[in-house]
Amino acid sequence: MTAVDDARALLARPAVGVWSAPGRANLIGEHTDYNEGFVLPFAIAQRTVAAVALRDDDVIRVRSTFAPGSVEVSLAELDARIAAGGLDWAGYPLGVAWALRTAAPDAAPRGVDIALASEVPVGAGLSSSAAIEGAVASALNDVWNAGLDKIALARVGRTAENDAVGAPTGIMDQMASMLGEADAATFLDCRTLETRPVALGFDEAGLAILVVDTLVEHAHSSGGYRERRASCEQGAAAFGVPALRDLTVDDLPRAAEILDDVTFRRVRHIVTENQRVLDTVAALDADGPTAIGDLLTASHASMRDDFEISVPELDLAVETALSAGALGARMTGGGFGGAAIALIPTELVPAATEAVHAAFAASGFRAPNVFTVTPSEGARRDA
Ligand code: ADP
Ligand code: MG
């Protein structure tokens, strides 16, 4: 059964439509999004599907194959239920409904049953959260005649995640999930929200992206992520700029003088990472994907040593992939767990997979999930 079939089956009524949105892998540009910088994610083939049926009342009922039971909220009490919190996973789809109503005052909200099924691994750094937001936002945009474009729907997803769920994430994931294209990454300026597809050409170059999901759980709404954001804000404030986006590598010597060591290293990660994203885009445009390996690996070192968001499992995944012939490798996503990606010749994927499993076993780490991802199409209506 596909996720579309699963969502239809869970709905248990004829659907008026089926929508889906993908997870994403971030090729490069980590923690730069909330610093108004640059990112280069791509949508993956794994998707979250929302099947929708209309109701005669004003209730929104959400179900997911992810969790048993259903959650029901009437449109009349939606604001209060979101404000009260405690909705757990249902905070994502209901938060999207809530945010969409605000973003599109001319929409015609009505009661719906929403059934969700997903192929995106949860908490793996592949943004199952943006996938569920993108699927539900796309569905309600059509069913409620909200008329928002994809960028506006990405904003709706982010508002849901920030203000309804309470995870202070940037807009990268939602933009990648909404705007993805096959064989391309989405270059995004997180300040202006200008985007451009950047051809990846992995197939032609005989390259694949291998994901190592360490199964180490992360939680964006907690500790480390907030702390990193606070350090970035502190660094920007010390320079009197709105965001670290406004600094360049030329500002780093001065940053070393005026900031404490930890804040300096946090700032250095963001500033150099922004530059690496620009360099990666330029390298892809000029020379194709074989030219970007060192940039990926440098990004990982910066996250490990300066931003300090890696964990031993991620470092091992990166080192092992490189030893097995990857051109470059890095952790992806928010950090503190989740997944690493490696850019690797396709014919080396089986051996690298085996090497990663062997290395994890030898270190006494839980066996990871190792699989490849393919740059794929963004949110869409499926039926
Ligand atoms: P990531 O986005 O990296 O997978 P997050 O912590 O941001 O991790 O989001 C994961 C959360 O999103 C899950 O714990 C769950 O609450 C919600 N979620 C994701 N996919 C689904 C789904 N198909 N059904 C219900 N909830 C989901
Ligand atoms: Mg997420």
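Since this is a predicted model, take the numbers as computed values, not measurements. (Residues numbered from 1 in each chain as written. Chains lettered and ligands numbered in written order. Predicted model: local features only at pLDDT ≥ 70, side-chain atom pairs only at ≥ 80, totals over all residues. Heavy atoms only, no water.)

Visitor: Help me understand the domain arrangement of the protein in this model?
Guide: It is common to give the size of an interface as the accessible area lost on bringing the parts into contact. Assigned domains of the protein: these are domain 1 (3-197) and domain 2 (202-373). Inter-centroid distance (C-alpha atoms) of domain 1 to domain 2 is 25 Å. Together, the buried faces of domain 1 and domain 2 total about 3,200 Å²; carbon and sulfur atoms form 62% of this surface. Joining domain 1 to domain 2, the criterion identifies 4 salt bridges. Two residues, arginine 196 and aspartate 285, come together in a salt bridge whose shortest N-O distance is 2.7 Å. The tally of links between domain 1 and domain 2 comes to 17 residue pairs in polar contact (both at pLDDT 80 or more). Of all the secondary structure elements, the ones that give two or more residues to the side of domain 1 that touches domain 2 are strand E1 (17-28), strand E2 (38-54) and strand E6 (184-189). Ranked by residues supplied to the side of domain 1 that touches domain 2, first place goes to E2 with 6 residues. (Domains from an automatic or database assignment. Buried area = accessible area lost by both parts, 1.4 Å probe. Salt bridge = Lys/Arg side-chain N within 4 Å of Asp/Glu carboxyl O. Polar contact = N/O pair within 3.5 Å; in protein donor to acceptor, adjacent residues only side chain to side chain. Helix = DSSP H or I, 4+ residues; strand = E, 2+ residues; numbered from the N terminus.)

Visitor: When you look at the pairing of E6 in this model, what are you seeing that I'm missing?
Guide: Two faces belong to every sheet, and in a regular strand the side chains alternate between them. Here E6 lies mainly inside the structure; 6 of its 6 residues are buried. Of the two faces of E6, the one lined by Ala184, Thr186 and Leu188 and the one lined by Ala185, Phe187 and Asp189 are each fully buried. The pairing of E6 with strand E7 (residues 195-199) spans 5 bridges and is antiparallel. Looking at the pairing, threonine 186 lines up with proline 197 of E7. Connecting E6 to the next strand, E7, in antiparallel fashion are 5 residues, including leucine 193 with a positive phi near 60 degrees. (Buried < 20%, exposed > 50% of the residue type's maximum accessible area, 1.4 Å probe, protein only. Pairing = 2+ DSSP bridges.)

Visitor: Can you walk me through the packing of helix H10 (residues 293-305) against helix H11 (residues 312-323) in this structure?
Guide: Each packed pair of helices is defined by two parameters, the angle between the axes and the distance between the axes. Two elements in contact, H10 and H11, have axes whose closest approach is 11 Å; the angle formed by their N-to-C orientations is 155 degrees. Judged on the interaxial angle alone, H11 and H10 are roughly antiparallel. Here H10 and H11 pass one another in a crossing that is left-handed. Where H10 approaches H11, its residues Thr297, His300 and Arg304 are matched on the opposing element by Leu314, Asp315, Val318 and Leu322. Of the residues that constitute the contact of H10 with H11, the class distribution is 3 nonpolar, 2 polar and 2 charged. (Axes fitted to C-alpha atoms, helices over the stretch in contact; angles between N-to-C directions. Parallel < 35°, antiparallel > 145°, perpendicular 65-115°, else oblique. Left-handed = near helix turned anticlockwise from the far one by under 90°. Contact = heavy atoms within 4.5 Å. Nonpolar A, V, L, I, M, F, W, Y, C, P; charged D, E, K, R; others polar.)

Visitor: Just to check I follow, could you spell out the UniProt feature "binding site: substrate" (unreviewed entry) in the protein for this structure?
Guide: According to UniProt, the feature "binding site: substrate" (unreviewed entry) maps to Glu30, His31, Thr32, Asp33 and Tyr225 in the numbering used here. Spatial clustering of the annotated residues is evident: they stretch over 196 residues in sequence, but the largest pairwise C-alpha distance comes to 12.7 Å. Looking at where threonine 32 falls in the secondary structure, it is placed in the loop between E1 and E2. Discounting residues that sit within four places of it in the chain, threonine 32 has contacts with Gly37, Phe38, Val39, Ile270, Glu273 and Asn274. At 3.4 Å, the side chain of threonine 32 forms a polar contact with the backbone oxygen of glycine 29. For aspartate 33, the location among the structural elements is in the loop between E1 and E2. Beyond its immediate stretch of four places on either side in the chain, aspartate 33 contacts Val39, Gly170, Ile171, Met172 and Cys190. (UniProt positions renumbered as here; feature names shortened; annotations may be inferred.)

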